[in-house]
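# Architecture at a glance
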Amino acid sequence: MPYEKYETVIGLEVHIQLATASKAFCGDENKFAGSPNTQISPISLAHPGTLPRLNERQVAYAVRLGLALGCRINPLNRFDRKNYFYADLPKGYQITQQDEPVCLGGGMEIITPDYTRNIRIHHIHMEEDAGKSTHDAYPDNTVVDLNRAGVPLLELVTEPDFRSAEEVDIFMNSMRQLVRYLEISDGNMEEGSMRCDCNISVRLKGSETFGNRCEIKNVNSMRFARRAIQYEVKRQIDLIESGGEVLQQTLNFDPVTGKTSPLRSKEDAHDYRYFPDPDLPPVALSEDYIEKIREQQPPLPWDLKQKFQEEYGLSEYDARLLTERKKDALLFMDCCGDSKHFKQLANLFINKIKTHQKESPDTVFTKKQLTEFVELIAANQINITVANQQLFPAMAAAPEKSVKKLAEEMNLFQSDDGDFLDGLITEVLAKNPDKVKAYKNGKKNLLQMFMGQVMRNAKGKADPKKLQELLREHLES
Amino acid sequence: MFMENKNFTTVQSRLAAGEINLTGLVTDYLTAIEESKKLNIYVEVFAEEALQRAKVLDEKFAKDPTSVGRLYGMVISIKDVICYKDHKVTGGSKILTDFESLYTATALQRLLDEDVIVIGRVNCDEFAMGSGNENSFYGPTINAVGENRVPGGSSGASAVSVQANTCLASLGSDTGGSVRQPAAFCGLVGLKPTYGRISRYGLLAYASSFDQIGTITNTVADAALLLEIMAGPDAYDSTASPRPVEKYSDLDTKASPKKIAYFKSALDHPSMDSEIRAASLDFLEKLKKDGHEVSGLDFDLLDYLIPAYYVLTTAEASTNLSRYDGVRYGYRSEDVNDLQETYKKSRTEGFGKEVKRRILLGTFVLSSGYYDAYYGKAQKVRRLITEQTKEIFQSYDYMVMPVTPSVAWKIGDQSTDPVAAYLADIYTVQANMTGIPAIALPLGKNKENMPFGIQIMSDRHTEFSLLNFANSIDFQ
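Within every chain, residues take consecutive numbers counted from 1 along the sequence as written. The lettering of chains begins at A and the numbering of ligands begins at 1, in the order of writing. The predicted nature of this model means local features are confined to residues of pLDDT at least 70 and side-chain atom pairs, given and counted, to a pLDDT of 80 or more, with totals for whole chains, interfaces and linings taken over all residues. Hydrogens and water molecules were not included; the side-chain quantities draw on all heavy atoms of the structure.

### Things to note about the packing of aromatic side chains
To pair, rings of Phe, Tyr and Trp, with the six-membered ring standing in for Trp, must have centres within 6.5 Å; the planes then decide the type, stacked if under 30 degrees apart, edge-to-face if over 60, and tilted in the middle. Applying the stated rule across the entire model yields 32 aromatic pairs over all chains. Where Phe-308 of chain A meets Phe-332 of chain A, the ring centres are 5.0 Å apart and the plane angle is 65°; that geometry is what we call edge-to-face. Linking Phe-308 of chain A in helix α5 (residues 301–312) with Phe-332 of chain A in helix α7 (residues 326–338), this pair joins segments that are 24 residues apart in sequence. With 4.9 Å between their ring centres and 90° between their planes, Tyr-309 of chain B and Tyr-310 of chain B make a pair best called edge-to-face. Both residues of the pair, Tyr-309 of chain B and Tyr-310 of chain B, count as buried. Numbered from the N terminus, helices here are DSSP runs of H or I no shorter than four residues, and strands are runs of E no shorter than two. Think of it in three bands: with a 1.4 Å probe and only protein chains considered, a residue is buried below 20% of the maximum accessible area for its type, exposed above 50%, and partly exposed in between.

### Notes on the sheet that holds strand β5 (residues 93–96) of chain A
What the three strands build is an open sheet, ordered β5-β4-β16 (chain A); its pairing is antiparallel. The open sheet has two edge strands with one neighbour each: β5 and β16 (275–276) of chain A. Pairing of strand β4 (residues 80–83) of chain A with β5 of chain A, which is carried by four bridges, proceeds in the antiparallel orientation. The residue bridging Asn-83 of chain A from the neighbouring strand is Tyr-93 of chain A, located in β5 of chain A. Most of the contacts of helix α10 (residues 302–320) of chain B go to β4 of chain A, to which it runs at about 60°, and overall it touches β4, β5 and β16 of chain A. One bridge is not enough; two strands pair if DSSP finds at least two bridges between them. Residues count as neighbours in contact if any of their non-hydrogen atoms are within 4.5 Å of one another. Here, axes are lines fitted to C-alpha atoms. For helices the fit covers the stretch in contact, and angles between N-to-C directions go from 0 to 180 degrees.

### Some details on the interface of chain B and chain A
Counting residues at the interface gives 39 residues for chain B and 31 residues for chain A. Each partner contributes to the roughly 2,900 Å² buried at the junction of chain B and chain A, and carbon and sulfur atoms together form 58% of this total. Salt-bridge detection follows one rule: a side-chain nitrogen of Lys or Arg within 4 Å of a carboxyl oxygen of Asp or Glu. Inspection of the region where chain B meets chain A yields one salt bridge. Asp-279 of chain A is the salt-bridge partner of Arg-200 of chain B, the closest N and O atoms lying 3.0 Å from each other. Identification of polar contacts relies on pairs of N or O atoms within 3.5 Å, with a donor-acceptor requirement for protein atoms, meaning one able to donate a hydrogen and the other able to accept it, and with residues adjacent in sequence counted only if both atoms are side-chain atoms. The tally of links from chain B across to chain A stands at 18 residue pairs in polar contact (both at pLDDT 80 or more). When contributions to the side of chain B that touches chain A are tallied by element, the ones reaching two or more residues are α10, α11 (339–350) and α12 (353–366) of chain B. Broken down by element, the side of chain B that touches chain A gets its largest block of residues, five residues, from α10 of chain B. In the side of chain B that touches chain A, the residues fall into 20 nonpolar, 12 polar and seven charged. A quick way to say it: buried area is the sum, across both parts, of accessible area lost when two parts are put together, with a 1.4 Å probe. Ten residues, namely Ala, Val, Leu, Ile, Met, Phe, Trp, Tyr, Cys and Pro, are considered nonpolar, four, namely Asp, Glu, Lys and Arg, are considered charged, and the remaining ones, Gly among them, are considered polar.

### Here we look at the environment of Lys-286 of chain B
Residues and elements named next belong to chain B. Tracing the backbone through its elements, the reader meets Lys-286 in helix α9 (residues 274–289). Separated by 62 residues in the primary sequence, Lys-286 and Ala-224 have C-alpha atoms spaced 24 Å apart. Leave out the neighbours within four places in its chain, and Lys-286 touches Ile-473 and Asp-474.

### A look at the state of the cysteines
Residue and element names in this part refer to chain A. Two cysteine sulfurs form what is called a disulfide whenever their separation falls within 2.5 Å. What the rule picks out here adds up to zero disulfides over all chains. Looking at Cys-336, it has no disulfide partner, and the nearest cysteine sulfur is the one in Cys-335, 6.8 Å off. Given a relative accessible area of 2%, Cys-336 falls into the buried group.

### Overview of unusual backbone geometry
Residues and elements named next belong to chain B. Note the cis peptide between Gly-153 and Ser-154, where omega equals 0°. Not every positive phi belongs to a glycine, and Asp-86 is a case in point at roughly 65°. Structurally, the position occupied by Asp-86 is in the loop between β2 (75–79) and α4 (106–113). Notably, Phe-127 is not glycine yet its phi reads approximately 50°, a positive angle. Tracing the sequence through the fold places Phe-127 in the loop between β3 (117–122) and α5 (156–163). According to the relative accessible area criterion, Phe-127 is buried, its value standing at 1%.

### Some thoughts on the pattern of salt bridges
The final tally for this structure, using the stated rule, is 50 salt bridges over all chains. We note a salt bridge from Glu-167 of chain A to Arg-117 of chain A, for which the minimum N-O separation is 2.6 Å. With a gap of 50 residues between them, Glu-167 of chain A in helix α2 (residues 165–181) and Arg-117 of chain A in strand β8 (residues 116–128) connect regions that are remote in the sequence. Here Arg-117 of chain A falls in the partly exposed class, since its relative accessible area comes to 26%. Taken together, the shared-partner salt bridges connect Arg-81, Asp-277 and Asp-279 of chain A together with Arg-200 and Asp-237 of chain B into one network.

### Concerning the environment of Ala-438 of chain B
Residue and element names in this part refer to chain B. Residue position: Ala-438 is located in strand β10 (residues 438–445). Exposure remark for Ala-438: the relative accessible area of 0% places this residue in the buried category. In the structure, Ala-438 is positioned 245 residues away from Pro-193 in sequence and 6.4 Å away in space, judged by C-alpha atoms. With near-sequence residues (within four places) excluded, Ala-438 lies in contact with Arg-180, Gly-190, Leu-191, Lys-192, Ala-431, Gln-455, Ile-456, Met-457 and Leu-466.

### Focus: the domain arrangement of chain A
By a widespread convention, an interface's size corresponds to the accessible area lost as its parts come together. Domain start and end points were adopted from an automatic or database domain assignment. Domain annotation for chain A reports domain 1 (3–289), domain 2 (299–409) and domain 3 (418–476). The distance between the C-alpha centroids of domain 1 of chain A and domain 3 of chain A comes to 67 Å.

### Looking at a nonpolar patch on the surface
Like charges within 9 Å and nonpolar side chains (Val, Leu, Ile, Met, Phe, Trp, Tyr) within 5 Å are joined into patches, using only residues over 30% in relative accessible area that form no salt bridge. Note that accessible areas follow from Shrake-Rupley with a 1.4 Å probe, and for residues the cover is restricted to the protein chains shown. A cluster of nonpolar side chains, contributed by Phe-364, Tyr-370 and Tyr-374 of chain B, occupies part of the molecular surface with about 270 Å² of accessible area. Tracing the backbone shows Tyr-374 of chain B in helix α13 (residues 372–395).

### Thoughts on the sheet that holds strand β4 (residues 169–173) of chain B
Residue and element names in this part refer to chain B. Spatial ordering of the open sheet is given by β1-β3-β2-β4-β6-β5-β10-β11-β9-β7-β8, a layout of 11 strands whose pairing is mixed. The sheet is open, and its two borders are formed by β1 (42–45) and β8 (293–297), each paired with just one other strand. On average, each strand axis in the sheet is inclined to that of its neighbour by 25°, with strand direction left out of account. Summarising the sheet, β2 and β4 pair through three bridges and their orientation is parallel.

### Concerning the packing of helix α8 (residues 342–359) of chain A against helix α10 (residues 384–397) of chain A
Residues and elements named next belong to chain A. Their axes nearest at 12 Å, the elements α8 and α10 cross at an angle of 55°. One element, α8, and the other, α10, form an angle in the oblique class. Crossing handedness for the pair α8 and α10: right-handed. Counted together, Leu-348, Lys-352, Ile-353 and His-356 of α8 and Asn-388, Phe-392 and Ala-396 of α10 form the full contact between these two elements. For classification purposes, angles smaller than 35 degrees are called roughly parallel, those larger than 145 roughly antiparallel, those between 65 and 115 roughly perpendicular, and all remaining angles oblique. By convention the crossing between two helices is left-handed if the near helix lies anticlockwise of the far one by an angle smaller than a right angle, and right-handed if it lies clockwise.

Next comes the structure, spelled out in structure tokens:
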């Protein structure tokens, strides 16, 4: 197979739409899915005489991401104009950072089932989004929605460190998790809050030089990214194997056909005529400013994961699941401050809460409830099955109520009252004289059957350990 | 009556004395506008609106003289590059045909808040590109003195509107001399403040790092008052200076002895008109007599000013004007099949010759492979000139320079050679390249009775000192 001779090399340009209240360079509202052309103003429409003014929140968010990824923060930020004409670009140029990006260097680890690897980051820069053109809504016309024009973006450019579509997938998922932890973006690829351009080339394994690369533009779902990369890698290898040469091109991926097709070649690449935007003075970021952001930095997913493994003795798998969402991870950590039954808490979060959230994402669980819940099970006061099946839904439906009280009202406490159990056991044994006989004759595994019946009659209130002890006494006396 | 109303102090005292009222004044200005129609000053006259506002203000003043703003009695024209809400603004260009602004420029809003009256918007070179007011979609404006002479540019009609007594003052814009040069050609006072002193929000951009709103007035005092009201920080312009505004209008009539510099090479420049040269030397002599120390300096960067200026301003202009694309507003060519053609035809048909020339030039100097040789080099020249200028102001209070190497030329005389026209900006561009304030004052007239001026410059943000000094000079 010729494919195995080749190694895939991928670099990403990830665009992250920032969840600021207003746009990057004016006061227009920044939100997704407003009616077309309602979040606009003379500034975002590029009316004559208007000027950009920097949204400082955008800078703070960029620094937040940079610090999380271990980047060097550029103390002097400049903005440049990238010039090109398009119907959804009102000014005829995009404000971006060409020469002095806000963050340099840094990296992020990707963890695959088999290995862990660092993906290096080249830089992160600030820029503004363009509007949205829709070409297929009308037969003869393209329609333009400028709500998105001027929305703040961070563009994160990686080194060509990826070797497979799977690695890209893991990286993008981690990146989404990170921006959500940092609360700088909602990270929704479906809504375009995160998009990526993939630079793909192939080379013979062991080769030191890179092959000619192709750039696939604006892939807005991970599924498409995977398919696009797989298609493109095969196309490039086939081309080389048949004696051809990969041309440096910008490609478009069509999710319908599953194929990439050229948008433009290197020869007709735009000359963007970058130059410093004279309307925006350089922005100096002092060490104090950066320190302040560092101090206010929220916990990062990988730090929490490590803590959960090391301090709470959880498995990598559990820790990963628990840190998927910041809200859950923080609540879990909070609970672990009050209850030392870490594993039980972890089970509760992973098995019950996560499933529950899928159906009713708005349910609020409190630390008090969850720790009480786990303590009741751990103290053997409530049977775990009963707790999960009956108490949990009741608790979810009544977030303000004490869990103990709920359990009392529902009469779910286990009983270690000997008389109560004695009565139930006598009743069951009396109903099954044959089986008692069989047991006494050596069919010891009938114990489970008696256990089951008594448990059923006890409606979950029997402590199985105690019950087993008592049953044995009855049968073997 | 107008002769007596050529400065705001007189207008105010006559209004206070009840000798005149604002409605009458506006009516007279409107008559003057009507009578000067052949000069092609106004693109649009806001006659009814101005009269209406005058009436309201007169009533307000009659009831309580303290209830009106500081500019009650000030009637101005605005250059067709300054946005005024619900009024058209076209930059003297076909490409903004019928465009109406949705907002008011910060500088103008501050004047309106003090009860200024805007009597109309006046002609200019298209997007402020030109020095003769000949590059306008609306045709040339004519200097009120002299036979068929240009008024200068690009704020040519601003100057003529004051010169022809159709208003008391005019707002212009100065990117390389566009306020000072027409002021000189029309015998008026033209002030270009420090870059960033007045917000550019609402000023149609030509070259963003050079543009500054300026005034054309009869007196230094009027310039100072208007500046005082317009200046100051603005949340809508990041390049506007946060420095507090001084009381510029608090003028002295006497100046203590100052140290004044001039460039010897400027006065000896081959393009220099001999009569202006002689008058400028006389002026320097007079300053000496008045007790100031005057020194001639060498300045070997003079010849680099114009090339660097045109590289940088056209570069900025080429992208500033990209928004005029026929897509969202303004002129759009009808005869098109797709987006590319919409751009090409709308811009080809919508822009005039000089604007197209500068867009092409600016696009060229920014294009890959040429950037370093042109834009990069010009930036270096700008830095050098700025450093040297700064150094001069460490030893001297002011710099004196002619405004122009010649008097106003005849309409059509210069249009065949754009480079010759560019070179005429030699004395005015330094202030824009370095961001310093500069004021053009009327110095005299040549034997053909054409006016010319003298220019005084000072360090950044020293308008207070500059205006005081300018006010102290007795030209009699």
